[in-house]
Amino acid sequence: TSSREPARARGAVEAREIADVPVGQVGAGTLPRGGPLRGRGAVRPHKTTGSWQVMSKTLVVVESPAKAKTIEKYLGGDYAVRASYGHIRDLPKSDLGVDVDHGFEVTYEVPDDSKKHVAALKKALRANEDLILATDYDREGEAIAYHVASLLGVDPGQAKRVTFTEITRDAILEAFQRPREIDLK
């Protein structure tokens, strides 16, 4: 028997444990083609401990960082919950933003104070396999979900969205059992 630390974070794997795993072969115990840092079920070294951890499977985007902490606690380790910090896209300040000569086509821009939030969300999505938008239960929340999906390169018509009217464990878990599409009407 090998001596291992008695307690490790859920999903943590020691580097020596993945060193002997064949890459790209079919079967249990193999890593995806491309090695341990790419694809589904990828593992990454933890920032401080150096042990390897399996990535979260689903990125959940909410509007506020306070909600993100609470919801992540309820959902557990298979979810990474991040905040959009509200609206992340707006009409341009220097222009009307609506082209009345071409079918009322709308032009949006990402304000300077939202660019770092968009970059963080894009990075988080690359580290996860799926996206669920959990912005507020109102028209403004629908708009934020639409803009987040668009900026992350996800078709808003295909994006998953959950809504809830209270932030309780039961309400959150029930909402995640019934994801829906963004209401584009």
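See the structure shown above.
I will try to describe carefully the structure that is included in this document.

The rules behind each value
Residues numbered from 1 in each chain as written. Predicted model: local features only at pLDDT ≥ 70, side-chain atom pairs only at ≥ 80, totals over all residues. Heavy atoms only, no water. Phe/Tyr/Trp six-rings, centres within 6.5 Å; stacked < 30°, edge-to-face > 60°. Helix = DSSP H or I, 4+ residues; strand = E, 2+ residues; numbered from the N terminus. Buried < 20%, exposed > 50% of the residue type's maximum accessible area, 1.4 Å probe, protein only. Polar contact = N/O pair within 3.5 Å; in protein donor to acceptor, adjacent residues only side chain to side chain. Contact = heavy atoms within 4.5 Å. Axes fitted to C-alpha atoms, helices over the stretch in contact; angles between N-to-C directions. Parallel < 35°, antiparallel > 145°, perpendicular 65-115°, else oblique. Nonpolar A, V, L, I, M, F, W, Y, C, P; charged D, E, K, R; others polar.

1. What to know about the packing of aromatic side chains
By convention here, two paired aromatic rings are described through the distance between centres and the angle between planes.
Move 1: Taken as a whole and assessed by the stated rule, the structure comprises one aromatic pair.
Move 2: Here Tyr79 and Phe176 contribute two aromatic rings whose centre-to-centre distance is 5.7 Å and whose plane-to-plane angle is 80 degrees, an arrangement assigned as edge-to-face. Here the residue Tyr79 occupies a position in strand β5 (residues 79-83), and Phe176 occupies one in helix α5 (residues 169-177), the gap between them amounting to 97 residues.
Move 3: Under the relative-accessibility criterion, Tyr79 is labelled partly exposed at 23%.
Move 4: Residue classification places Phe176 among the buried positions, given a relative accessible area of 11%.

2. What about the side chain of Ser84?
Move 1: Its place among the elements puts Ser84 in the loop between β5 and β6 (98-99).
Move 2: Only 3.1 Å separates the side chain of Ser84 from the backbone oxygen of Gly86, close enough to count as a polar contact.
Move 3: If we ignore the near neighbours within four places in the chain, the residues touching Ser84 are Val61, Val62, Glu63, His117, Leu121, Ile144 and Val148.

3. So, the packing of helix α2 (residues 65-75) against α5
Move 1: At a minimum axis distance of 10 Å, the contact between α2 and α5 shows a crossing angle of 70 degrees. Compared by their axis directions, α2 and α5 come out roughly perpendicular. Side by side, α2 and α5 meet where Ile71, Tyr74 and Leu75 of the first sit next to Arg169, Ile172, Leu173 and Phe176 of the second.
Move 2: Grouping the amino acids of the contact of α2 with α5 by side-chain chemistry returns six nonpolar, no polar and one charged.

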